[in-house]
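Fold and geometry: a report
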Amino acid sequence: NAGVMQNPRHLVRRRGQEARLRCSPMKGHSHVYWYRQLPEEGLKFMVYLQKENIIDESGMPKERFSAEFPKEGPSILRIQQVVRGDSAAYFCASSTNSQGNEQYFGPGTRLTVT
Amino acid sequence: SQELEQSPQSLIVQEGKNLTINCTSSKTLYGLYWYKQKYGEGLIFLMMLQKGGEEKSHEKITAKLDEKKQQSSLHITASQPSHAGIYLCGADNNAGNMLTFGGGTRLMVKP
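What comes next concerns the included structure. Please read all numbers here as calculations on a predicted model, not as lab measurements.

1. Some remarks on the nonpolar core
Among the nonpolar cores identified, the biggest contains 23 residues, and Trp34(A), Met46(A), Leu77(A) and Tyr90(A) are the most heavily contacted of them. Dropping the residues within four chain positions of it, Met46(A) is found in contact with Trp34(A), Tyr35(A), Arg36(A), Asp56(A), Glu57(A), Ser58(A), Gly59(A), Met60(A), Pro61(A), Phe65(A), Leu77(A) and Tyr90(A). If you look at the next biggest cluster of nonpolar residues, it comprises 21 residues, including Leu46(B), Ile61(B), Tyr87(B) and Leu107(B).

Structure representation (structure tokens):
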């Protein structure tokens, strides 16, 4: 049973370009969470999605960041017009539901903005 | 908002020694999760604690939840180099939507 999959594992973008990060949850999991880990900082929640719905986006920056989890296919975290401060590790986690079930994390996508 | 403080921030122990990592919450703990992260990799789920006084073990790692103290501890017995990594505690917000994480404890085990 494959775990949470993320791709790409490493992504390099120039300032002003767009970054698209993909996350495929574990089989049977319908809840997806995105977290960001900035250099020398802790892991911070960004957004929580179910299929076709954004449930909680309280941790998302107001501009340039968006997330989706379509009916078919992986969840996508999209960052438009990237800046150097966006350089971080982005982790996706999934769970079977939101109530007291452990979240399993993917290996992360390391975004570097040059 | 809830904050989690982990102590110590870093720890170096000799192989075979026991060690304890603490995680203290600023608010009531409804669910406490322990994860391990190796450098450059994702988080590996270790244990989840939900009830006051709950204690769980996996191999040589034991975690306890003290609900009254709003604190959890992770204890490693007879540490090995394979235990090295960053240990993170996370707490859910009671709506189950998200986890708030502590700053992590970096553990090194010297052979």
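2. Some remarks on the sheet that holds strand 1 (residues 4–7) of chain B
To summarise the sheet geometry, strands pair through backbone hydrogen bonds and adopt either a parallel or an antiparallel arrangement. Residue and element names in this part refer to chain B. Here five strands make up an open sheet; going across it, the order is 1-3-8-7-6 and the pairing antiparallel. Looking at which strands have only one partner, the edges of the open sheet turn out to be strand 1 and strand 6 (55–58). Adjacent strand axes in the sheet meet at a mean angle of 15° when their direction is disregarded. When strand 6 meets strand 7 (residues 61–66), the two strands line up antiparallel, connected through four bridges. In the strand pairing of strand 7, His58 is matched with Ile61.

3. What about the sheet that holds strand 8 (residues 75–79) of chain A?
Residues and elements named next belong to chain A. Strand order in the open sheet formed by four strands is 1-3-8-7, and the pairing between neighbours is antiparallel. Whereas interior strands pair on both sides, the edge strands pair on one side only; in this sheet they are strand 1 (5–7) and strand 7 (65–68). Between one strand axis and the next, the sheet turns through 15° on average, direction left out of account. Judged from the four bridges that link them, strand 7 and strand 8 form a sheet pairing that is antiparallel. In the sheet register, Ala67 faces strand 8, and the bridge partner there is Leu77.

Calculation notes
- Each residue is numbered by its place in its chain's sequence as written, counting from 1.
- Lettering for chains starts from A, numbering for ligands starts from 1, and both go in the order in which the items are written.
- Side-chain atom pairs in this predicted model are given and counted only at pLDDT of 80 or more, local residue features only at pLDDT of at least 70, and totals for whole chains, interfaces and linings cover all residues.
- No hydrogens and no water enter the side-chain calculation; it runs on all heavy atoms of the structure.
- Take the buried residues of types Ala, Val, Leu, Ile, Met, Phe, Trp, Tyr and Cys, join any two whose side-chain atoms come within 4.5 Å, and each joined set is a nonpolar core.
- Remark: exposure states derive from per-residue accessible area (1.4 Å probe, protein chains only) relative to the maximum for the residue type, with buried under 20%, exposed over 50%, and partly exposed in between.
- Contact criterion: two residues are considered in contact whenever any of their non-hydrogen atoms come within 4.5 Å of each other.
- In short, DSSP must find at least two bridges between two strands for them to pair.
- Helical segments are the DSSP runs of H or I of at least four residues, strand segments are the runs of E of at least two, and each set is numbered from the N terminus.
- Between N-to-C directions, angles span 0 to 180 degrees; the directions come from axes that are lines fitted to C-alpha atoms, helices contributing only their stretch in contact.

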